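A structural walkthrough
Residues per chain are reported as follows:
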Amino acid sequence: MDQETLRRFWPVARGCARFLLDFLVIDSDGVPQTVPSTSPENRFLHHGMPASMTRSSAMDRALVRDVLLLTGELAALCEPGDPIAEEATAMAARIPGPRVGPEGTIAEWGEEHLQEEPHHRHVSHLFPWFPGAEDPGAHAAAVAATLDARGDDSTGWSLAWKIALRARLGDGEAVGRLLALVLRPAADEGEHAQRGGFYPNLFAAHPPFQIDGNLGFLGAFVEALLQSHHPGRIDLLPALPPGLDEGVVTGLVARPGITVDLEWRGRRPRRLVLRAKTPSAAGTYTVVHAGAARTVSLPVEVPVVVTFSDEG
């Protein structure tokens, strides 16, 4: 964003950080906690009974940490030395990151709990990897195990989240499995009435319909073709599903405002056209496919064509 836009957002971020700093509770070990805390629409078993209230759910920790870090970053540009921002940056460093549970999955709550619904449709505790920008890195196996444990099938919007997460893991095979579930005919009755799929008018299913399933599906599918959540880097075909060995896509937009036209054959890029839409989007970028990288310099509003050989 340009400086003017950043300054508009600065007081909003500062206000959010101030609220969170007041809301956090420091436990006896000096660890910041959110109390009370939930994990969206999900429950666990407590003495055999369903419960939802706990402390410091994984999603809480990830969201709070991101807001506090963002506030510090904005302050450096808009209000250096702001005391709220300095406190936010220091507090963010004290918030625990993702925790892997005894089953090798990402722990959803701050404490160990027995799942009431192991195949629950929400995967909110995987926020750091989508829509967050964390590199799966050391947590890749745990994120994949979490998705495996939840299962593929679900409602329209849930399938979209799972596609996006599998794309961030670079798992094209899993993306393909999930795409098949999205594109199947929907069922309104019987045991399949609550599953995802498309109605004849192409609305995403889960009665009566889920427009977030449609919009989310498109956004998730784009993640399989193009990723740009790492600043200064554009990844091409990071999770291409089976059956799409060749194709053309035009009009995609990479961060921070770069239009992308891409043609591929044999599952490899062949021709790429990049155009920076604004002065703040111009600059030097690293374009990556299958571990091979090249540097591209983009002026403002001037298309830059990149071609690839058979070797990439």
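Refer to the structure above for everything that follows.
Notes on the structure follow. The shown structure was predicted, so the numbers you read here are calculated from the model rather than taken from an experiment. (Residues numbered from 1 in each chain as written. Predicted model: local features only at pLDDT ≥ 70, side-chain atom pairs only at ≥ 80, totals over all residues. Heavy atoms only, no water.)

1. Section: the layout of surface pockets
With a probe scaled to a water molecule rolled over the atoms, the places where space remains empty come into view. By volume, the largest pocket amounts to about 1,200 Å³. What lines the largest pocket is a set of 39 residues, among which Asp-66, Leu-70, Glu-73, Ala-133 and His-229 lie closest to the centre. Secondary structure elements with two or more residues in the lining of the largest pocket: α1 (3–23), α2 (58–78) and β7 (233–236). The element contributing the most residues to the lining of the largest pocket is α2, with 11 residues. For the lining of the largest pocket, the per-class residue count stands at 23 nonpolar, 8 polar and 8 charged. What lines the second largest pocket is a set of 19 residues, among which Glu-103, Thr-105, Ile-106, His-113 and Gln-115 lie closest to the centre. For the lining of the second largest pocket, the secondary structure elements donating two or more residues are β5 (114–115) and α4 (140–150). Take the lining of the second largest pocket: its biggest share by element is 3 residues, from α4. In the lining of the second largest pocket, the residues fall into 7 nonpolar, 6 polar and 6 charged. (1 Å grid on protein atoms, 1.4 Å probe; cavity = no way out; pocket = protein on both sides within 12 Å on 5 of 7 lines; lining within 4 Å. Points joined across faces, edges and corners; volume = space filled by probe spheres on them. Helix = DSSP H or I, 4+ residues; strand = E, 2+ residues; numbered from the N terminus. Nonpolar A, V, L, I, M, F, W, Y, C, P; charged D, E, K, R; others polar.)

2. Points about the pattern of salt bridges
Within the structure shown, the criterion is met by 16 salt bridges. Between Asp-152 and Arg-177 there is a salt bridge whose closest N-O contact spans 2.8 Å. Taken as a pair, Asp-152 in the loop between α4 and α5 (156–168) and Arg-177 in helix α6 (residues 172–183) lie far apart in primary sequence, 25 residues in all. In this structure, the salt-bridge partner of Asp-245 is Arg-267, at a minimum N-O distance of 3.0 Å. Highlighted residues: Asp-245 in the loop between β7 and β8 (247–254) and Arg-267 in the loop between β9 (258–265) and β10 (268–276), separated in sequence by 22 residues. A cluster of three or more residues bridged by salt bridges with shared partners is formed by Asp-148, Arg-166 and Asp-171. (Salt bridge = Lys/Arg side-chain N within 4 Å of Asp/Glu carboxyl O.)

3. Some remarks on the packing of α4 against α5
Where α4 contacts α5, the axes come no closer than 10 Å and their chain directions differ by 150°. In terms of their interaxial angle, α4 and α5 are classed as roughly antiparallel. Read as a crossing pair, α4 and α5 show a hand that is left-handed. Two secondary-structure elements touch here, α4 through Ala-144, Leu-147, Asp-148 and Arg-150 and α5 through Lys-162, Leu-165 and Arg-166. Grouping the constituent residues of the contact of α4 with α5 by class yields 3 nonpolar, no polar and 4 charged. (Axes fitted to C-alpha atoms, helices over the stretch in contact; angles between N-to-C directions. Parallel < 35°, antiparallel > 145°, perpendicular 65-115°, else oblique. Left-handed = near helix turned anticlockwise from the far one by under 90°. Contact = heavy atoms within 4.5 Å.)

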